[in-house]
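Inside the fold
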Amino acid sequence: METTNRVLKWLGECFKVEEDKALHENKLFWMVVLIPLFFIIWISWILTTDLITKSLYNPHISAESLAGFVSYYAFPIALLTVPLTLAVMINRFHSSKQKAKSNRLVEQNNTANNFFNHYKYFKDHCIGLENRFSWVNLRITAELLYKKLFPISSVSNFTTELDKVFVESVFDYYENMILDYQNHIKINGIKTIAQTHNQGEIYEETVECHFLSEPYELDFDLCGISFVKSLKVEEDFKGTLYLTFEIIGGLFCFSGVSNFDEVNGLTWFNGFDYPS
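Residues numbered from 1 in each chain as written. Predicted model: local features only at pLDDT ≥ 70, side-chain atom pairs only at ≥ 80, totals over all residues. Heavy atoms only, no water.

To continue, consider the nonpolar core. Of all hydrophobic cores here, the largest spans 41 residues; its most connected members are Leu251 and Phe252. Residue assignment for this core shows that the elements contributing at least two residues are helix 5 (81–132), helix 6 (142–149), helix 7 (164–188), strand 3 (203–222), strand 4 (225–233) and helix 8 (234–252). Those residues in contact with Leu251 that lie beyond four places of it in its chain are Phe122, His125, Cys126, Leu129, Ile140, Leu145 and Ile225. (Core = buried A, V, L, I, M, F, W, Y, C linked by side-chain atoms within 4.5 Å. Buried < 20%, exposed > 50% of the residue type's maximum accessible area, 1.4 Å probe, protein only. Helix = DSSP H or I, 4+ residues; strand = E, 2+ residues; numbered from the N terminus. Contact = heavy atoms within 4.5 Å.)

Next comes the structure, spelled out in structure tokens:
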């Protein structure tokens, strides 16, 4: 059984056109050339032996001998077209497979180039956001965030679709951040202090300011997006929520996304509401 499998494997390799090898290195090419040639030579040898036996063989060059040669050897001469035809066929198969492989390599190369160009564009986009929000010391790890936003994208499978599951998980993190702040307020409380502001020489305005009894350190850290902001006044938290929304929205809504309409349809992208 093992011997049979080896023979079948060898025959499979022999009858296989390998585009990675040169044409003359393919076993099948030499098989289709040499086997018919061997058969033609064998027939010619038998025919020549028969002619010699019947005293019809005349090796001299003359009109009569050439006419007799053409007459007797017409069949072997006609068979010479067989290896030539088969060799041309194998050559066409070999060229076709090489072209198909070349096209696949070009497609793979284009896919890889598109992937790296898209990642470079995203990284530049992240750098632009870091510069825009440098006043909160925003840090974005483009490598980590890109893999989260486009988890199935790679050099062999390029896609520009955002992962909606990750987008929704960011919203969950956003909501948990609000709940954590509210728990901080419940535990530590808020101090209301009246402050008077002069509005000219006559008019004065008294404004109540709501200070946190204990400062709240908002430490935003999610999949490569991080910044820290210390909050002392209650109203600052509303501004920080808006800031967070701007940062996240800016990351998700860059022009390298193909399914923005679907992402934009998610609940939290339709508007921005401050917590009561």
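So, about the packing of aromatic side chains. Under the counting rule described, the total for this entry stands at 12 aromatic pairs. For the pair Phe115 and Phe116, a centre-to-centre distance of 5.4 Å together with 75° between the ring planes defines the contact as edge-to-face. Ring geometry for Tyr181 and Phe237: centres 3.6 Å apart, planes at 10°, overall stacked. Note that Tyr181 is positioned in helix 7 and Phe237 in helix 8, a separation of 56 residues in sequence. Taking relative accessible area as the criterion, Phe237 reaches 2% and is therefore assigned buried. Within the aromatic cluster, the residues linked to one another by ring pairs are Phe115, Phe116, Tyr119, Phe122, Tyr146 and Phe150. (Phe/Tyr/Trp six-rings, centres within 6.5 Å; stacked < 30°, edge-to-face > 60°.)

Attention shifts here to the packing of helix 2 (residues 27–53) against helix 5. Running from amino to carboxyl end, helix 2 crosses helix 5 at an angle of 175°, the nearest separation of the two axes being 9 Å. Regarding the angle of helix 2 to helix 5, the classification is roughly antiparallel. From helix 2, Leu28, Phe29, Val32, Val33, Pro36, Leu37 and Ile40 reach across to helix 5, where they touch Val82, Pro83, Leu86, Ala87 and Ile90. (Axes fitted to C-alpha atoms, helices over the stretch in contact; angles between N-to-C directions. Parallel < 35°, antiparallel > 145°, perpendicular 65-115°, else oblique.)

On to helix 8, then. A rise of 1.5 Å per residue sets the reference length of helix 8, with its 19 residues, at 27 Å; its end C-alpha atoms lie 28 Å apart and thus fit the reference within 8%. Those residues of helix 8 not exposed but buried are Phe237, Thr240, Leu241, Leu243, Thr244, Phe245, Ile247, Ile248, Gly249, Gly250, Leu251 and Phe252. (Expected span 1.5 Å × (residues − 1).)

If you trace the backbone, Thr159 turns up in the loop between helix 6 and helix 7. Residue class for Thr159 comes out buried when judged on its relative accessible area of 15%. A distance of 3.3 Å separates a polar atom in the side chain of Thr159 from the backbone nitrogen of Glu161. If near-sequence neighbours (up to four positions away) are discounted, Thr159 is found in contact with Phe150, Ile152 and Ser153. (Polar contact = N/O pair within 3.5 Å; in protein donor to acceptor, adjacent residues only side chain to side chain.)

This part covers the environment of Leu80. Its place among the elements puts Leu80 in the loop between helix 4 (74–79) and helix 5. Excluding residues within four positions of it along the chain, Leu80 makes contact with Leu37 and Ile40.

It is worth spelling out the confidence of the model for the chain at this point. Keep in mind that low pLDDT regions are not for reading the predicted coordinates in detail. Summing up the model confidence of the chain, the mean pLDDT is 80 and the portion of residues at 70 or higher is 83%. Taken element by element, the predicted model of the chain shows its lowest mean pLDDT in helix 1 (residues 2–14) (59) and its highest in strand 1 (residues 139–140) (91). Low pLDDT (under 50) marks residues 269–276, which in the prediction has 20 contacts with non-local residues, meaning those over four places away or in another chain. (pLDDT = per-residue confidence, 0-100.)

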